[in-house]
Number of protein chains: 2
Amino acid sequence: MTTEKHITTADIAGMERFYRQALFNMLSGFKSAHLIGTISPEGATNLAIFNSVLHIGANPPYMGFILRPTSVERHTYNNLKANRQFTINHVHQDFIQPAHQTSAKYPAEVSEFEVCGFTPQYTNHLRAPYVQESRIKIGLEYVEESLIQVNSTLLIVGKIVEILLPEAILTPDGHLRLDEAGSVAVAGLDTYYAARQVAQLDYARPGQ
Amino acid sequence: MTTEKHITTADIAGMERFYRQALFNMLSGFKSAHLIGTISPEGATNLAIFNSVLHIGANPPYMGFILRPTSVERHTYNNLKANRQFTINHVHQDFIQPAHQTSAKYPAEVSEFEVCGFTPQYTNHLRAPYVQESRIKIGLEYVEESLIQVNSTLLIVGKIVEILLPEAILTPDGHLRLDEAGSVAVAGLDTYYAARQVAQLDYARPGQ
């Protein structure tokens, strides 16, 4: 490829605001894209897109996400603190645009389910709404939060209590065919990608 | 697609160990794949693959990663605590196999740079080694760590002090052409994906 560009601390300090935001949001590479569903004590549903969902542990099963202190994400936070439940729903190629639209700053009385065209789905085990249009849906109970002190963001951790998915994408050894499900990856705040499996490798041991 | 399968808390409790590990590692969707480079006080280099690097903030610029209390990742942790520096290097399609191989449990005196065939690269600003073969390289100083209490994992946070990348993949508005760079996504512990950009969307506002 072309010449290697060195971006120094001084270069970083001098960056224009939107350039900086785009670059640093993208620098960490591919991320997952999920819709997080919550419900208020009064029964008002909320849906918001997150690109920071991450695996925390398999046994017991935990997932987490980074929550920034913004007005959009505050509805999600208030709801999950009030009833201690939330759902994580994969974003797929056929609904990238309406999923992205949930990031708009709607007032609290507006449900992103309704205004962005998603269907709430409920089970007997959870009060929080799933996204019916999503193929991989995860129900969680709030467990803990960690404050990241440098910029006052929160890592929210939940315990997985339920999973809804199509039988066809679950392999006999517990793998998920994420490409067949059409799940997307995201980089930065606005760029979405389809993924194609290129390798599945064995557990690595020295001397191989 | 096919029938929706409901996996309950009871189903989860009864899962076989490797099936559970595969499923829950994959459930969060696509993740980034990076090689983290460190150096010991005695000058011994270490390199390990991580699938948990995440964006923490843009101004000031922070990135983080989840560190599990395993023997492989302990070398990375010891080194970055000792000299408070580390590098994060994107994994690309042309070196998935040797990057994955760094996850093998080599003894501390073995450098994964050497045994897996990577070239250490140094700049004037950082003592920790970059991976020369990587196209997107990020130099960081250790800032803080948060304990995730439920399973004793750590979220390590670093401040970005330097970036090395090819001019050609950086757009005038600060976006990175990650697909042109050949950066890969990973799901679970062993499945790697190439990505193809399918959408770049505007900042969402109500009423669109």
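To be clear, the structure that these remarks concern was listed above.
Here we summarise the structure given alongside this text. These numbers were taken from a predicted model, which means no experiment stands behind them.

1. Topic: the overall build of chain A
Next up, step 1: When its secondary structure is counted, chain A shows 6 helices and 13 strands.
Next up, step 2: Compactness check: chain A gives a C-alpha radius of gyration of 19 Å against a globular reference of 17 Å for 208 residues, within 12% of the reference.
Next up, step 3: Over its C-alpha atoms, taken along the principal directions, chain A stretches across nearly 55 × 45 × 30 Å.
Next up, step 4: The buried share among the 208 residues of chain A stands at 62%.
Next up, step 5: Within chain A, counting contacts between residues at least 6 apart in sequence, those at least 24 apart form 60% of the total.
Next up, step 6: Carbon and sulfur atoms make up 49% of the accessible area of chain A, which totals about 8100 Å².

2. Remarks on the interface of chain A and chain B
Interfaces are often sized by the accessible area lost when the parts come together.
Next up, step 1: Contacts between the two partners involve 109 residues from chain A and, on the opposite side, 109 residues from chain B.
Next up, step 2: Interface of chain A and chain B: buried area, both sides summed, is about 9200 Å²; carbon and sulfur atoms make up 64% of it.
Next up, step 3: Counting the contacts that link chain A with chain B gives 3 salt bridges.
Next up, step 4: Linking K5 of chain A and E167 of chain B is a salt bridge whose minimum nitrogen-to-oxygen distance equals 4.0 Å.
Next up, step 5: Where chain A meets chain B, there are 50 residue pairs in polar contact (both at pLDDT 80 or more).
Next up, step 6: Alignment of strand β13 (residues 191–200) of chain A against strand β13 (residues 191–200) of chain B, held across 9 bridges, turns out to be antiparallel.

3. Section: the sheet that holds strand β2 (residues 31–32) of chain B
Next up, step 1: Pairing in this open sheet of 6 strands is antiparallel, and the strands run β2(A)-β12(A)-β13(A)-β13(B)-β12(B)-β2(B) from one edge to the other. The sheet is open, and its two borders are formed by β2 (31–32) of chain A together with β2 of chain B, each paired with just one other strand.

4. Observations regarding the pairing of β13 of chain B
All names here are of chain B.
Next up, step 1: Where strand β12 (residues 185–187) meets β13, 3 bridges bridge the pair, whose relative direction is antiparallel. Bridging from a neighbouring strand, A187 pairs with T191 of β13.
Next up, step 2: Taken together, β12 and the strand that follows it, β13, pair antiparallel across an intervening segment of 3 residues, in which G188 is found at a positive phi of about 65 degrees.

5. As for helix α2 (residues 17–27) of chain A
Residue and element names in this part refer to chain A.
Next up, step 1: In terms of residue burial, α2 counts as a mostly covered element, since 8 of its 11 residues are buried.
Next up, step 2: Buried residues of α2: Y19, R20, A22, L23, F24, N25, M26 and L27, and no others.
Next up, step 3: Near the N-terminus of α2, the side chain that reaches the backbone nitrogen of F18, with its oxygen 3.1 Å away, is that of E16.
Next up, step 4: Just downstream of α2 lies G29, where phi reads positive at about 90 degrees.

6. Notes on unusual backbone geometry
Residue and element names in this part refer to chain A.
Next up, step 1: The omega torsion of the bond from N59 to P60 falls at 0 degrees, within 30 degrees of zero and hence cis.
Next up, step 2: Within the secondary structure, P60 is located in the loop between β5 (54–58) and β6 (61–67).
Next up, step 3: The phi dihedral of S152 falls on the positive side, at around 55 degrees, and the residue is not glycine.
Next up, step 4: Looking at where S152 falls in the secondary structure, it is placed in the loop between β10 (137–148) and β11 (153–166).
Next up, step 5: With relative accessibility at 44%, the residue S152 sits in the partly exposed group.

7. Structural notes on the side chain of Q85 of chain B
Residues and elements named next belong to chain B.
Next up, step 1: Residue position: Q85 is located in strand β7 (residues 85–90).
Next up, step 2: Within polar-contact distance, the side chain of Q85 engages the backbone nitrogen of A128 at 3.3 Å.
Next up, step 3: Residues contacting Q85, with those up to four places away along its chain left out, are T38, L80, H125, L126, R127, A128 and L140.

8. A few points about the environment of A128 of chain B
Residues and elements named next belong to chain B.
Next up, step 1: For A128, the position within the fold is in the loop between β8 (120–121) and β9 (130–131).
Next up, step 2: On the accessibility criterion, A128 (0% relative accessible area) is buried.
Next up, step 3: On a C-alpha basis, the gap between A128 and G139 in space is 8.0 Å, while along the polypeptide they are 11 residues apart.

9. Considerations on the relation of the copies chain A and chain B
Next up, step 1: You can overlay chain A on chain B at an RMSD of 0.0 Å; the transform is a turn of 180 degrees with a shift of 0.0 Å along its axis. Here the two chains are linked by the operation of a two-fold rotation axis. Across chain A, the rotation axis passes nearest the C-alpha of A195 of chain A, at a separation of 2.2 Å.
Next up, step 2: A shared binding surface is used by both copies, with 100% of the interface residues of chain A retained as interface residues in chain B.

10. Observations concerning the side chain of S134 of chain A
All names here are of chain A.
Next up, step 1: As for its placement among the helices and strands, S134 is situated in the loop between β9 (130–131) and β10.
Next up, step 2: Residue S134 is classed as buried on the basis of its relative accessible area of 2%.
Next up, step 3: Setting aside anything within four residues of it in sequence, one finds S134 in contact with N89, H90, H92 and F95.

11. Here we look at the pattern of salt bridges
Next up, step 1: Taken as a whole and judged by the stated rule, the model has 11 salt bridges over all chains.
Next up, step 2: Across the pair K137 of chain A and E4 of chain B runs a salt bridge whose closest N-O atoms are separated by 2.8 Å. Taken together, the residues K137 of chain A in strand β10 and E4 of chain B in strand β1 (residues 4–7) connect one chain to another.
Next up, step 3: Salt-bridge contacts for R177 of chain B lead to D179 of chain B; the nearest nitrogen and oxygen are separated by 3.3 Å.

What counts and what doesn't
Residues numbered from 1 in each chain as written. Chains lettered and ligands numbered in written order. Predicted model: local features only at pLDDT ≥ 70, side-chain atom pairs only at ≥ 80, totals over all residues. Heavy atoms only, no water. Helix = DSSP H or I, 4+ residues; strand = E, 2+ residues; numbered from the N terminus. Rg over C-alpha atoms; globule rule 2.2 N^0.38 Å. Buried < 20%, exposed > 50% of the residue type's maximum accessible area, 1.4 Å probe, protein only. Contact = heavy atoms within 4.5 Å. Areas by Shrake-Rupley, 256 points an atom, 1.4 Å probe, with all protein chains shown as cover. Buried area = accessible area lost by both parts, 1.4 Å probe. Salt bridge = Lys/Arg side-chain N within 4 Å of Asp/Glu carboxyl O. Polar contact = N/O pair within 3.5 Å; in protein donor to acceptor, adjacent residues only side chain to side chain. Pairing = 2+ DSSP bridges. Least-squares fit on C-alpha atoms with pLDDT ≥ 70 in both.

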